[in-house]
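# Notes for the structure review
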Amino acid sequence: MGLSPHRPIRAIGFATLWFVLMSGVVCLQAQQGGAALGGTVLDASGKIFPNAVVKIKNESSDYVRMVITDGEGRFSAAGLPAGTYTIEASAPGFVTTVRTGQHPGTGGADNIALYLSVAGMSDTVTVEAVVSTAADLAPSGNTLDARSAATIISAPFIQNFTSPVSDYVEVLNMAPGTFGVNPNGIGLGDSKIFFRGFQDGLYTMTYDGIPFEDTNTPTHHSWVFFPGQWIGGVNFDRSPGTASTIGPTNFGGSVNLLSREVRPDPDIRASISYGSFNTRMLDLGIDSGMFGFGKSKKSNLLIDVHQLLSDGYQTYNHQKRIAGSGKYQYQVTPNTTITLFTGIVDLWTNTPNTKGPTRAQVDQFGPNYLMTGDPSMPNYYGYNFYHVQSEFSYIGVTSNLGHGWRLDNKTYQYRYWNKQNYNGTTITATSGVDKLNGYNKFGDVLSAVKDLRWGTFRTGVWYEWAYTDRYQIPSDPRTWVNTPFGNFHEHFITQSWQPFAEYEFRATSRLSITAGVKYAQYNMHLNQFADNGKTIGCPGGKIVSSVCVGGVAFVTHDGIYHSWLPSIDARYRLKRNWTAYAQFGEGSVVPPSSVFDVKNAEVSVLPRPTMAKTYQMGSVLKFSRWTLDLDAYYIHFQNPYVSTPDPNNGNEPIYYLPGPSNTKGIEAESNFVVGHGLSLYLNGTMGAAKYQNTSWWVASAPRNTATVGVSYQRKSWDLGFFNKRIGSMWNDNGGRNQAIPIDAFNVTNAFINYTMKDRSLFRGSKLALSVNNLFDQHSIYGVTAATAATAGVAYAQSPNDQLLMLPGRSVMLTLTAGFAPRR
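What you are looking at is a predicted structure, and each value in this text was computed from that prediction instead of being measured.

## Concerning the overall build of the protein
Helix and strand counts for the protein come out as five helices and 45 strands. For the protein, the residues scored as buried account for 58% of the 823 residues in total. As displayed, the protein offers around 32,800 Å² of accessible surface, 59% of which is attributable to carbon and sulfur atoms.

## Remarks on the environment of Gly141
For Gly141, the position within the fold is in strand 9 (residues 140-141). Of the residues examined, Gly141 reaches a relative accessible area of 9% and is grouped as buried. In sequence terms Gly141 and Leu628 are 487 residues apart; their C-alpha atoms lie 8.5 Å from each other. Setting aside residues up to four positions removed in sequence, Gly141 forms contacts with Ala150, Thr151, Ile152, Asp629 and Glu669.

## Focus on the nonpolar core
One finds Phe225, Val234, Leu257 and Phe392 to be the most contacted residues of the largest nonpolar core, which totals 55 residues. The contact partners of Phe392, leaving out residues within four places of it in the chain, are Tyr207, Ile210, Phe225, Phe226, Phe341, Thr342, Gly343, Gln413 and Tyr414. Within the second largest apolar cluster, 18 residues are counted, among which are Val41, Val67, Ile87 and Ala91.

## Observations regarding the packing of aromatic side chains
Aromatic ring pairs are reported here in terms of the distance separating the ring centres and the angle at which the planes meet. Scanning the entire structure with this criterion turns up 46 aromatic pairs. The interplanar angle of 15 degrees and the centroid separation of 5.1 Å between the aromatic rings of Phe179 and Phe194 together place this pair among those described as stacked. You can see Phe179 sitting in the loop between helix 4 (168-172) and strand 11 (204-207) and its partner Phe194 sitting in the loop between helix 4 and strand 11, a full 15 residues away along the chain. Centroid distance Trp230 to Phe341: 6.5 Å. Interplanar angle 75 degrees. Geometry classified as edge-to-face. Of this pair, Trp230 sits in the loop between strand 12 (210-211) and strand 13 (233-237) while Phe341 sits in strand 20 (residues 336-349), and the two are 111 residues apart along the sequence. Across this residue pair, the class does not change: Trp230 and Phe341 are buried.

## Focus on the pattern of salt bridges
For side chains bearing opposite charge, pairing can occur when the charged atoms are close. All told, the structure shown has 23 salt bridges when counted by the stated rule. The residue Lys410 makes a salt bridge to Asp408 at a minimum N-O spacing of 3.7 Å. We classify Asp408 as buried; its relative accessible area is 14%. Two residues, Glu464 and Lys441, come together in a salt bridge whose shortest N-O distance is 3.2 Å. You can see Glu464 sitting in strand 24 (residues 455-475) and its partner Lys441 sitting in strand 23 (residues 432-452), a full 23 residues away along the chain. The exposure classification of Glu464 matches that of Lys441, with both residues buried. Ionic contacts of the salt-bridge type, sharing partners, join the residues Arg196, Arg238, Asp631 and Glu667 into one network.

## Some details on the pairing of strand 10 (residues 150-153)
Covered by surrounding structure in strand 10 are Ala150 and Ile152 together with Thr151 and Ile153, the residues of both alternating faces. Of the pairings in the sheet, the one linking strand 9 to strand 10 comprises two bridges and is antiparallel in character. Residue pairing for strand 10: Ser140 is matched across the bridge by Ile153. When strand 10 meets strand 13, the two strands line up antiparallel, connected through four bridges. Residue pairing for strand 13: Thr151 is matched across the bridge by Phe236.

## Re the pairing of strand 45 (residues 810-819)
Residues of strand 45 alternate between two faces, with Ser810, Met812, Thr814, Thr816 and Gly818 buried on one and Val811, Leu813, Leu815, Ala817 and Phe819 left unburied on the opposite face. Here strand 15 (residues 267-275) runs beside strand 45; their pairing, made up of eight bridges, is antiparallel. Looking across to strand 45, one finds that Arg269 is bridged to Gly818. Sheet topology places strand 42 (residues 766-772) next to strand 45; seven bridges connect them, and they run antiparallel. Across the sheet, the residue bridging to Ala768 is Thr814, located in strand 45.

## Details of the sheet that holds strand 12
As a general point, the strands of a sheet are linked pairwise by backbone hydrogen bonds and lie either parallel or antiparallel. Judged by pairing direction, the sheet is mixed, and its six strands sit side by side in the order 9-10-13-14-11-12 without closing on themselves. Single-partner strands in this sheet number two, and they are strand 9 and strand 12.

## Some remarks on the state of the cysteines
Should the sulfur atoms of two cysteines be covalently bonded, the bond is a disulfide. Within the structure shown, the criterion is met by one disulfide. Sulfur-sulfur distance for the disulfide between Cys538 and Cys548 comes to 1.9 Å. Looking down the S-S bond of the Cys538 and Cys548 bridge, the torsion is 65 degrees, so its handedness is right-handed. A residue pair is termed long-range when its members are at least 10 positions apart, and Cys538 in the loop between strand 26 (511-529) and strand 27 (542-544) and Cys548 in strand 28 (residues 547-549) qualify at 10 residues. When sorted by exposure, Cys538 lands in the same class as Cys548, which is buried.

## With respect to unusual backbone geometry
The phi torsion at Asn51 lies on the positive side, around 65 degrees, for a residue other than glycine. One can find Asn51 in the loop between strand 1 (35-43) and strand 2 (53-58). Residue Asn51 is classed as buried on the basis of its relative accessible area of 16%. Positive phi, normally seen in glycine, also occurs at Asp776, with a value near 55 degrees. Mapping Asp776 onto the fold places it in the loop between strand 42 and strand 43 (780-784).

## Digging into the side chain of Asn250
Inspection of the secondary structure assignment puts Asn250 in the loop between strand 13 and strand 14 (254-258). Take Asn250: its relative accessible area is 4%, and that puts it in the buried class. In terms of polar contacts, Asn250 uses its side chain to reach the side chain of Thr204, at 2.6 Å. In this structure the side chain of Asn250 is engaged in a polar contact, spanning 2.5 Å, whose partner is the backbone oxygen of Thr245. Those residues in contact with Asn250 that sit more than four places away from it in its chain are Thr204, Pro240, Thr245, Lys518, Gly587 and Ser588.

## Observations regarding the side chain of Ser166
Counting through the fold element by element, Ser166 comes out in the loop between helix 3 (155-160) and helix 4. Judged by its relative accessible area of 4%, Ser166 falls in the buried class. Among all residues touching Ser166, those that are not within four sequence positions of it are Ile186 and Gly228.

## With respect to the confidence of the model for the protein
Looking at the protein as a whole, its pLDDT mean stands at 87, while 88% of the residues score no less than 70. Long-range and interchain partners of residues 1-34, a stretch whose pLDDT sits below 50, account for 64 contacts in this model, where long-range means more than four residues apart. Contacts from residues 120-129, a stretch scored under 50 in pLDDT, to residues over four places away or in other chains number 47 contacts.

Criteria and cut-off values
Residues numbered from 1 in each chain as written. Predicted model: local features only at pLDDT ≥ 70, side-chain atom pairs only at ≥ 80, totals over all residues. Heavy atoms only, no water. Helix = DSSP H or I, 4+ residues; strand = E, 2+ residues; numbered from the N terminus. Buried < 20%, exposed > 50% of the residue type's maximum accessible area, 1.4 Å probe, protein only. Areas by Shrake-Rupley, 256 points an atom, 1.4 Å probe, with all protein chains shown as cover. Contact = heavy atoms within 4.5 Å. Core = buried A, V, L, I, M, F, W, Y, C linked by side-chain atoms within 4.5 Å. Phe/Tyr/Trp six-rings, centres within 6.5 Å; stacked < 30°, edge-to-face > 60°. Salt bridge = Lys/Arg side-chain N within 4 Å of Asp/Glu carboxyl O. Pairing = 2+ DSSP bridges. Disulfide = S-S within 2.5 Å. Polar contact = N/O pair within 3.5 Å; in protein donor to acceptor, adjacent residues only side chain to side chain. pLDDT = per-residue confidence, 0-100.

Following this line, the structure appears as structure tokens:
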């Protein structure tokens, strides 16, 4: 029987309810007379961290004191019994930091600095505080807790040095080796990120530790789900991570987006932005501050709503987005916090299925040509339109249950509904396509951490269930009357399981070794309906005038993919401000649902997941006035499967690996403080991503990249100038690799911000100017050849080649009215 979107869903998230009930039995110990401990909790860049939970435990007894940092990140615990104490600082989505051997009443006992760094899953490290002005002012960088090549992008950088209409692609462009471009303008379309020779679909993306991706292929969409206004930071790990790093495609790495933190004090900000391409945005953000009944103030609420309208850089590529999100936190006890998040995005756009003009169109109409207002032309904008909706919600519980156990659970649901209509190169009764890609997901991420005498044990599981409905039906673009049978139509259910376990062994006070394993299983139950012959055809019948006659309505398949993914890393603290690490990890990618897109959907042998093995080592060095992060990597990975018909088995497809690829290189980033708020930021990469059997380059893999940034951050001023150079690379032409050369190009951005800060009643009021592509370059960064490659014949430019080009200069002016009511 066919699949139904109303099919019962197995219960998930029972762990969350259990955690809530269990939190009621966790009690605070009574305070006794004695001395005091105190200090400040800060983030990895050195900024204050309000509302963090600090646990102070006597190392020779069961005495425990729990406190919460104030608006200045300070904590204090007086009346402590004499003894030696361990201090833990924690916050949802951040690594728990542990300081041992603290003695109340001694010198410095009231001025202890604890640093929190972001983490994809629950984690614990023991650190020594290192104050670095350079790290504080750096737009991005790794931390002294590093176990892999990673870049932490800070909230101040996102707020001050990206356009107000940016999406996560623009935020990630700062990281070493990455690049991504939206041909319609900053934040005005669906764009992708490339790094180390990996394209979208070969790395995991998460939001607050929850993976999000499409179901037919594990790709992502930058224009929905999480606008820039909802991103409070990024932890970009360029590796498969450890066993506890969950996700469907930790093949090339993981991009971990973080929501904005709630504030302990009330704050209201209303912004209006206007700029190039008639782009305008209204945004309202509200932080409630701590509130509750009577003297019990345990709740926080953060709300953001905005509307974006733009004509777009490309002709007639209009954009309209309405979005709203809310984040609520409730401190049940000092040991337990509940977080609720929900975000909804509604997007309308006239983006066509082709993303760029041809060479001939550029010569005739200019680099921004894409569509026309003439209904007699195939590329009339009225024949090309999207309506995309996304919803994302979760309930999270973090709890310290005592006896060294900490738990973190998130139960989530999200939905993506992309209804698209587009036209081809002619106007006929079948030249248009009526397209749907929609899915609904439910899942749970559970992690448990146990502190032991010699280290930390972590275990947990990720489970996800998804229902998908996809089709493409030929249609008349003038009336949108569809043909009886489509190019394809499929319903499928997918389930993902990833249990994991790992142990971090603290061999010495300086050396820790973490080893673990993760089991990844992916189940697919798919119904494919009879079509017009473009995909599976007419099983049991025949196609007559694009109509299935005498065949079955649909065929059903089941696929199970699984793999074991080990990891091991070592981190050594050479000095209090210098860390070195080495890592090995494996990642996998499951084959797409298109495995079954063959005649009669007959696939006798399923392909296996493709695998990647990553070896890398690096160093993180932090001084007061300069920082240096350096890493070297080598990755051996399998390429996606290809198929060939088997003449001895009814021409059923045989899937095989076309040969592996190797990518290797070095990456570095550094920040130098010149003085008085002036800094120089540099990052650069040199690498090669090539097919092992031919030594040809993998597509969209630059030979090198380099970023130079100059920033001034002092008092109310934040000024920045950043230039990124993307080295030369290659594009494929059909099945031929290293076919089309792409020249190096530069993108230069500049930003000016004046913000009222500190404790002003109008805190957050701001005047900001952002200029992207300052020098108005129109470099080509992608080419789709008009004709397929021919063996032995070099690529030659054609007027009909389709081009992807840098969008024109974008200037945005933003005025923000801030209000911080005093209590």
